[in-house]
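Commentary on secondary and tertiary structure
Here's the letter readout for the chains.
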Amino acid sequence: SETGGGSYRRTVIASVFGVVRFVLVVGLIGLGVGAAYWFNNPPPVAPETGAGGEAEDREEVARAVVVEVASVGDHPVVVGSMGTVIASREAVIRPRVGGAIVEASDRFVPGGFFDAGAFMVQIDRADYEQVVEQRRSDLARAEAALQIELGDQAVAKEELELLEIDIPEINRDLILRIPQVNRAEAEVRSAAAALQRAVLDLERTRITAPFGGHLVEREVNLGANVSPGEDLATLVGAEAYWVELTLPVSSLRWIETADERAGLAGGSEAVVSDARAWGAGVVRSGVVARRIGRLEQGSRLARVLVRVPDPLAREPERAGLPELILGAFVNVELRGRVLESVCVLDRSLVREGDRVWVMDGDDRLAIRPVEIAYRGPDRVYVTAGLASGARVVRTNLVTPVEGMLLRVADVGPGAGDGGDGDV
């Protein structure tokens, strides 16, 4: 029937299309496998014949790299860190007597400089001068009373000698007025001490600088009425500042501390910089003064104090140098003990497993293990594995293979060192 014939034709057509699709899929898979095999196994290239008729080998491709020539010598261990500028001497000026401030130095302002013993402020003297006069009068009365008692004692002694009788010792002291004389002498001493105290209080109305420095804070002004112990100002010594650093405990063995008995000599040199505030290349010099005998809480890092002399650059030999600011965060490089016969490299040039890539005499890659004495955040100190003059590869090779052919890249002006690129 027509219905049966149509169904048969549709079945045949569907089968034909299925076979065609299967053949196409198998063909595409075969083409892919063949292409992969061809790319991985290219057909052999017939050797070229030179002018002399001899076959030349196909030239090996050399990787272009940037190299750094190693130099072996004696180098100090440089330990880098960040630190905070703090005062080496600081005092809060407080009066020991109270009263109104009736006079103040023109330099009694924030930033004002004072020499040791220089006048700062004057507290009203009037009340204290009156107390001094009163204490002098008290002393004069006590001395007069003592003289009277001594006279009475002399009279009693003459009368006792005229009697020529034997009197017990206790009665003899009373007759000679020895207790009365002792009391008068004690009153003289008390009056003298009170006068001395009054004179000291009078002298303390004049406030002077305990050491040379500059004012960083002022709490009172002229005319203020102050009490004993009240804050007047904060004075910071200008002779030197400290920079407090935190370092790993393992770095301490490379750092030498100054000998205070030898005038802070012998400490490791410190180079202080603050590129944001001072500009690039501007530094101040200091010395490692001491270690703080307690680790920083939390980080467990060691603390070191670097002494920077004349931090405000007031001395003629430091004129023009930048001033240190208290509380500033600065960079510090400590130049520690010298290591002999070492090669200093950027830390990035030491590859995994403490290995260095070297371009040997045949311009081929040599992967050499090295021994490292000190590993800093930016530099490493290699003691073995590199000879002076070795060409260390700076370029990052994606697939480094021992013996691969290298060539030195041509680096033009402004092109950089090329050490950060991948090949």
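Cut-offs used in this document
- Think of each chain on its own: its residues are numbered from 1, step by step along the sequence as written.
- Predicted model: local features are reported for residues with pLDDT of at least 70 only, side-chain atom pairs are reported and counted for 80 or more only, and whole-chain, interface and lining totals are derived from all residues.
- Where side-chain values are given, they derive from all heavy atoms of the structure, hydrogens and water being excluded.
- By the criteria applied, helices consist of DSSP H or I runs no shorter than four residues and strands consist of E runs no shorter than two, each listed in order from the N terminus.
- A helix is expected to span 1.5 Å for every residue after the first.
- The rule is simple: take the accessible area with a 1.4 Å probe, protein chains only, and divide by the maximum for that residue type; under 20% is buried, over 50% is exposed, in between is partly exposed.
- The method works on a 1 Å grid over the protein atoms by themselves. A cavity is a set of points holding a 1.4 Å probe that cannot get out, a pocket is an open set with protein on both sides within 12 Å along at least five of seven lines, and residues with an atom within 4 Å of a point line them.
- Grid points are joined across faces, edges and corners, and a volume is the space filled by probe spheres set on the points.
- Charged residues are taken to be Asp, Glu, Lys and Arg, nonpolar residues to be Ala, Val, Leu, Ile, Met, Phe, Trp, Tyr, Cys and Pro, and polar residues to be all remaining types, Gly included.
- The working definition used for a salt bridge is a side-chain nitrogen of Lys or Arg within 4 Å of a carboxyl oxygen of Asp or Glu.
- Between any two strands, at least two bridges found by DSSP are needed for them to pair.
- Patch definition: residues above 30% relative accessible area lacking any salt bridge, with like charges linked at up to 9 Å and the nonpolar side chains Val, Leu, Ile, Met, Phe, Trp and Tyr linked at up to 5 Å.
- Note on areas: Shrake-Rupley, 1.4 Å probe, and residue coverage restricted to the protein chains presented here.
- Charge assignment in this entry is limited to Lys and Arg as positive and Asp and Glu as negative, and neither His nor the chain termini are counted.
- A charge is said to be at NZ when it belongs to Lys, at CZ for Arg, at CG for Asp and at CD for Glu.
- Under this definition, polar contacts are N or O atom pairs within 3.5 Å; protein pairs additionally need one hydrogen-donor-capable and one acceptor-capable atom, and for neighbouring residues in sequence, both atoms have to be side-chain atoms.
- As a per-residue quantity, pLDDT reports the predictor's confidence and falls between 0 and 100.
- Contact criterion: two residues are considered in contact whenever any of their non-hydrogen atoms come within 4.5 Å of each other.

Quick notes on helix H4 (residues 178–203)
In a regular helix each residue adds 1.5 Å, so 26 residues correspond to 38 Å; H4 covers 38 Å between its end C-alpha atoms and thus fits that length. For H4, the complete set of buried residues consists of Val181, Ala184, Val188, Ala191, Leu195, Ala198, Asp201 and Leu202.

Describing the layout of surface pockets
Put simply, the largest pocket is a space of about 170 Å³. Contributing to the lining of the largest pocket are Phe113, Phe114, Asp115, Gly212, Gly213, Ala238, Glu239, Asp310, Arg314 and Glu315. Grouping the amino acids of the lining of the largest pocket by side-chain chemistry returns three nonpolar, two polar and five charged.

Some thoughts on the pattern of salt bridges
On inspection of all chains with the given rule, the structure shows 18 salt bridges. Of the charged contacts, one joins Arg136 and Glu133 as a salt bridge, the two residues approaching to 3.1 Å between their closest N and O atoms. One end of the pair is Arg136 and the other is Glu133, both in helix H2 (residues 126–163) and three residues apart, which spans about a single turn. You can call Arg136 partly exposed: its relative accessible area is 44%.

Looking at the sheet that holds strand S12 (residues 225–226)
Strand order in this open sheet of four strands is S10-S9-S7-S12, and the pairing throughout is antiparallel. Two strands close off the open sheet at either side, each with one partner strand: strand S10 (206–208) and S12. Bridge analysis of strand S9 (residues 119–123) against S10 gives three bridges, and the strand direction is antiparallel. Pairing of Gln122 across the sheet is with Arg206, part of S10.

A short note on the pairing of strand S7 (residues 99–104)
Sheet analysis places S7 next to S12, joined by two bridges and oriented antiparallel. Bridge pairing in S12 places Ala100 opposite Asn225. One ladder, built from three bridges, connects S7 with S9; its direction is antiparallel. Residue pairing in the sheet places Glu103 in a bridge with Gln122 of S9.

Considerations on a negative patch on the surface
Taken together, Glu90, Glu217, Glu219 and Glu230 make up a surface patch of like negative charges. Here Glu217 lies in strand S11 (residues 213–218).

A short note on the pairing of strand S18 (residues 329–346)
Of the strand pairs in this sheet, strand S5 (residues 72–87) and S18 are connected by 11 bridges, and their pairing is antiparallel. Note on S18: the bridge partner recorded for Gly80 is Glu333. With five bridges connecting them, strand S15 (residues 269–273) and S18 associate as antiparallel partners. Residue pairing for S18: Val271 is matched across the bridge by Glu333. Summarising the sheet, S18 and strand S22 (residues 379–384) pair through four bridges and their orientation is antiparallel. Each residue of the ladder has a partner; that of Cys343, found in S22, is Val382.

Side note on the environment of Asp201
Here Asp201 lies in helix H4. With a relative accessible area of 15%, Asp201 lands in the buried category. Through-space distance from the C-alpha of Asp201 to that of Val132 is 8.9 Å; in sequence the pair is 69 residues apart.

Some points on the side chain of Gln122
Structurally, Gln122 is set in strand S9. Here the side chain of Gln122 touches Thr205 through a polar contact of 3.0 Å, side chain to side chain.

So, unusual backbone geometry
The phi angle at Ser341 is positive, at roughly 55 degrees, despite the residue not being glycine. In this structure, Ser341 sits in strand S18. Residue classification places Ser341 among the partly exposed residues on the basis of a relative accessible area of 48%. Residues other than glycine seldom take positive phi values, yet Asp354 does so here, at roughly 55 degrees. Structurally, the position occupied by Asp354 is in the loop between S18 and strand S19 (355–359). Asp354 gets classed as partly exposed once you look at its relative accessible area, which sits at 27%.

A closer look at the confidence of the model for the protein
For the protein, the average pLDDT comes to 83, and 83% of its residues sit at 70 or higher. In the predicted structure, residues 413–418 sits below a pLDDT of 50 and forms five contacts with residues beyond four places in sequence or in another chain.

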